[in-house]
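Descriptive analysis of the structure
The chain contents come next:
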Protein chains: 2
Amino acid sequence: MAQLAARAVDGIGEVNAGDDLAELILAAGGRPAAGEIVVIAHKAISKAEGRVRRLDSIQATPLARGLVAGSQRDARHVQAILDETAELVRAKNGVLICRTKHGFVCANAGVDASNAPGEDTVVLLPVDPDASARLVRARLRELTGAGPAVLVTDSFGRAWRHGQCDVAIGAAGLDPLTDWRGLPDRAGRELTATWIALADQIAAAADLTRSKDSGQPVVVVSGLDRYVTEADGPGAAALIRPEAEDMFR
Amino acid sequence: MAQLAARAVDGIGEVNAGDDLAELILAAGGRPAAGEIVVIAHKAISKAEGRVRRLDSIQATPLARGLVAGSQRDARHVQAILDETAELVRAKNGVLICRTKHGFVCANAGVDASNAPGEDTVVLLPVDPDASARLVRARLRELTGAGPAVLVTDSFGRAWRHGQCDVAIGAAGLDPLTDWRGLPDRAGRELTATWIALADQIAAAADLTRSKDSGQPVVVVSGLDRYVTEADGPGAAALIRPEAEDMFR
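Nothing here was measured: the structure is a model prediction, and the numbers come from that model. (Residues numbered from 1 in each chain as written. Chains lettered and ligands numbered in written order. Predicted model: local features only at pLDDT ≥ 70, side-chain atom pairs only at ≥ 80, totals over all residues.)

It is worth spelling out the overall build of chain A at this point. Regarding its fold elements, chain A presents six helices and twelve strands. Since a compact globule built from 249 residues should have a radius of gyration of about 18 Å, the 19 Å found for chain A is in line with a globular shape. Principal axes of the C-alpha set define a box for chain A whose edges measure 55 × 45 × 25 Å. Counting only residues that meet the buried cut, chain A has 50% of its 249 residues in that class. In chain A, once contacts between residues fewer than 6 apart in sequence are set aside, the share between residues at least 24 apart is 62%. (Helix = DSSP H or I, 4+ residues; strand = E, 2+ residues; numbered from the N terminus. Rg over C-alpha atoms; globule rule 2.2 N^0.38 Å. Buried ≥ 20, exposed ≤ 12 C-beta atoms within 10 Å, placed from the backbone. Contact = placed C-beta atoms within 7 Å.)

Listed below in C-alpha cells is the structure:
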C-alpha cells in the first residue's frame, strides 16, 4: 500500500523579521530528508521577510473609505489590501476578491490580521513566494546537505464551495502540476483533461496536521519522494490560470 | 508532532454494478478502524450503483449537437452531461462548466469516460453521494463493528488555478467544514473568516497516495480521529455555496 505521512513541526515559536526559517526548522527538530516536502504557512515567511504593515502607518484613500462604508472594517486595513491588488475582481457585501500582483485570485489579496505579530498590524503575502521557497530550500541544503522540496502556502476560499483549502503560492523542488493529459487510463484509453494540482493537494494535506491556533507554521510531508526534483522547477506561478483562459472574471 | 497518514488499498479491482463496496474493501485487507476515514473515488461508487450509460443508448438533442459543432467531442457524451446538468454555468471553447442536480459546480457535470467500464460508456456521479457515503459507513459498521467516516470524492478544476484537486461530494461521519469564525487566534484575536473545508482537504490528501492508472479507488486516512463523529452529520451538501451567495456565475 502506498503511504503518505505528514507531521507538524512543534516549537518553532513566533517568527520575527530577519529570522532564518531553515535554522528555526532545524532547531525545532524538524530536519527534513532529501525526498520530503517542507510545507510552510506563508505567514512565517512573510514575518521573516518583514512583510508586515502597521495600520497607523497607512493613510486610507477615498476608494478604501468607500469600500468600508457601512461595515465594521478598518479603512486602513482595506487600503493595505488595495496596495497589494492588481485588479479588484469582485467587491460585494464587504467581500473583496482580488487578483494580487503575483496573479493569485483570492480574498483580500492575502492580507490578513489573524496571527499577525501585533494588535494593529496586518501580514502581507511574500513579494515573490517562489523565490522564498527556493531560498529556504537552498538554505536547508546548505545546512544539512539535503535539499527537500519546499512549498509556501495560504488558505484560499473557492468560488462555488464553502470553506477554505490551503494551496501553494510558492514552490521549489517539485513540479506543482502533474500532467496526465495524453497518457492512458487503466483501460488504455487516453486521459484528455487530467492534470493534477499536486502542490495544492500537498498544501491541503499538510494543513490537516495542525489547527489555526497551534502555532505550527511548518509541516513535513513524506512518501512523495517520486515528485521531488533536483531542479527547483517552475514554481507555484505555474498554477496561475492566465487571464485569457479565465471564464470567471 | 501531530501525524497524518494515508494508505491506498490495493487489490480492489474493477467494481461492477451491484457490488458491495464495504465487502470489497474488507476483502482487500483495507479494514478501517473507527477513527479512520475511508475515502472512495466516486467512480467506484457510481459503478457499484449502476450509474453508467452506454453511448449507443443516448440520442443527442440539437443543443448537444450544437455544443460539439467544430470539435472532436461526441454529441452523445455531451448529451449525457446535459442530462445531469441543472444549469450550464459556462460553455466556451468546448469546456462545459455545469451546476449538477446536486448543486456542485464542475466541468462536464462530473460525467467522464476515463476509467469507464467499457469503450463506449460514461460514468455519472452518484444520484446522492451523501446517501452513498452513509450506506458504505453503515455497512462497514455492520461487518466490522467499527464505523469510520466515509468520503466520496471527485477531481474538480478551479476557476483561477490550473489543475484539479480532489474534493468531497459525499460525506458521512465527519462535519465537512471546521468553523473557526469567532474563535481566537494564537494571540487571542478573533478569527473572522476562517472556515476550513476539512472534507475537501482530506480528499486532496487521499489522492496523493495513488495515480490515475493505479486502480486504487479507496484510501484510508488516519490521524484525524478528532474529527470523526458518531452521527453521520450534514454531508458534503454543506460544502455547496448557495446560489444567492455566489459571486461567480
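With that settled, the discussion passes to helix H5 (residues 129–144) of chain B. Residues and elements named next belong to chain B. Taking 1.5 Å per residue as the helical rise, H5 with its 16 residues ought to reach 22 Å, and the 22 Å between its terminal C-alpha atoms agrees with that figure. By the burial criterion, the buried members of H5 are Pro129, Asp130, Ser132, Ala133, Leu135, Val136, Arg137 and Leu140. The secondary structure elements touched by the buried residues of H5 are helix H1 (21–27), strand E2 (37–41), helix H2 (42–48), strand E8 (149–157) and strand E9 (164–172). Count one or two residues on from H5 and you reach Gly145, which has phi positive near 85 degrees. (Expected span 1.5 Å × (residues − 1).)

It is worth spelling out the interface of chain A and chain B at this point. Listed per partner, the contact involves 57 residues of chain A and 57 residues of chain B. Broken down by secondary-structure element, the contributors of at least two residues to the side of chain A that touches chain B are strand E1 (3–8), strand E4 (85–92), strand E9 (164–172), strand E11 (195–196) and helix H6 (198–207) of chain A. Direction of pairing for E1(A) relative to strand E1 (residues 3–8) of chain B: antiparallel, over a ladder of five bridges. Its bridge partner lying in E1(B), A:Leu4 is registered against B:Ala6. (Pairing = 2+ DSSP bridges.)

This part is about the pairing of E1(A). Side-chain direction in a regular strand flips from residue to residue, so the side chains alternate between the two faces of the sheet. Across four bridges, the pairing between E1(A) and strand E12 (residues 218–222) of chain A is antiparallel. Looking at the pairing, A:Ala5 lines up with A:Ser222 of E12(A).

Glancing now at the relation of the copies chain A and chain B. Laying chain A over chain B is done by rotating through 180 degrees and shifting 0.0 Å along the axis; what remains is an RMSD of 0.0 Å. This pairing of chains is accounted for by a two-fold axis. Comparing interface residues between copies, 100% of those in chain A also sit at the interface in chain B, which points to an isologous, same-surface contact. (Least-squares fit on C-alpha atoms with pLDDT ≥ 70 in both.)

Attention shifts here to the nonpolar core. A:Leu151 and B:Leu151 are the most contacted members of the largest nonpolar core, which has 146 residues in total. Look past the residues within four positions of A:Leu151 in its chain and what remains in contact with it is A:Ile37, A:Val39, A:Ile40, A:Ala133, A:Ala168, A:Gly170, A:Ala171, A:Ala199, A:Ile202 and A:Ala203. (Core = buried A, V, L, I, M, F, W, Y, C linked by C-beta atoms within 7 Å.)

Residues and elements named next belong to chain B. Spatially, three strands are ordered E4-E5-E6 in an open sheet, and the strand pairing comes out antiparallel. Since the sheet does not close on itself, it has two edges, and those belong to strand E4 (85–92) and strand E6 (105–107), each with one partner. Averaged over neighbouring strand pairs, the angle between their axes works out to 25 degrees when direction is ignored. (Axes fitted to C-alpha atoms, helices over the stretch in contact; angles between N-to-C directions.)

We now examine helix H6 (residues 198–207) of chain B. With respect to burial, H6(B) is a largely interior element, ten of its ten residues being buried. Along H6(B), the positions that sit buried rather than exposed are B:Leu198, B:Ala199, B:Asp200, B:Gln201, B:Ile202, B:Ala203, B:Ala204, B:Ala205, B:Ala206 and B:Asp207.

This brings us to the environment of B:Ala237. Its place among the elements puts B:Ala237 in the segment after strand E12 (218–222). The exposure class of B:Ala237 is partly exposed, given the 16 C-beta atoms found within 10 Å.

Residue and element names in this part refer to chain A. Pairing analysis gives six bridges linking E4 to strand E5 (residues 95–100), with the strands arranged antiparallel. Residue pairing for E5: Arg90 is matched across the bridge by Ile97. Adjacent in sequence and paired antiparallel, E4 and E5 are bridged by two residues, among which Asn93 carries a positive phi angle near 50 degrees.

All names here are of chain B. Unlike most non-glycine residues, Asn108 shows phi in positive territory, near 60 degrees. Note that Asn108 resides in the loop between E6 and strand E7 (121–123). Of note in this structure, Ala109 is not a glycine but carries a positive phi near 50 degrees. Structurally, the position occupied by Ala109 is in the loop between E6 and E7. Here Ala109 falls in the buried class, since 26 other C-beta atoms lie within 10 Å of it.

Further remarks concern the sheet that holds E5(A). One key point about sheets: their strands pair by backbone hydrogen bonds, in either a parallel or an antiparallel sense. Residue and element names in this part refer to chain A. Reading across from one edge, E4-E5-E6 is the order of the three strands in this open sheet, with antiparallel pairing throughout. In this open sheet, the two edge strands, each paired with only one partner strand, are E4 and strand E6 (105–107). Sheet twist, expressed as the average angle between the axes of neighbouring strands with direction ignored, equals 25 degrees.

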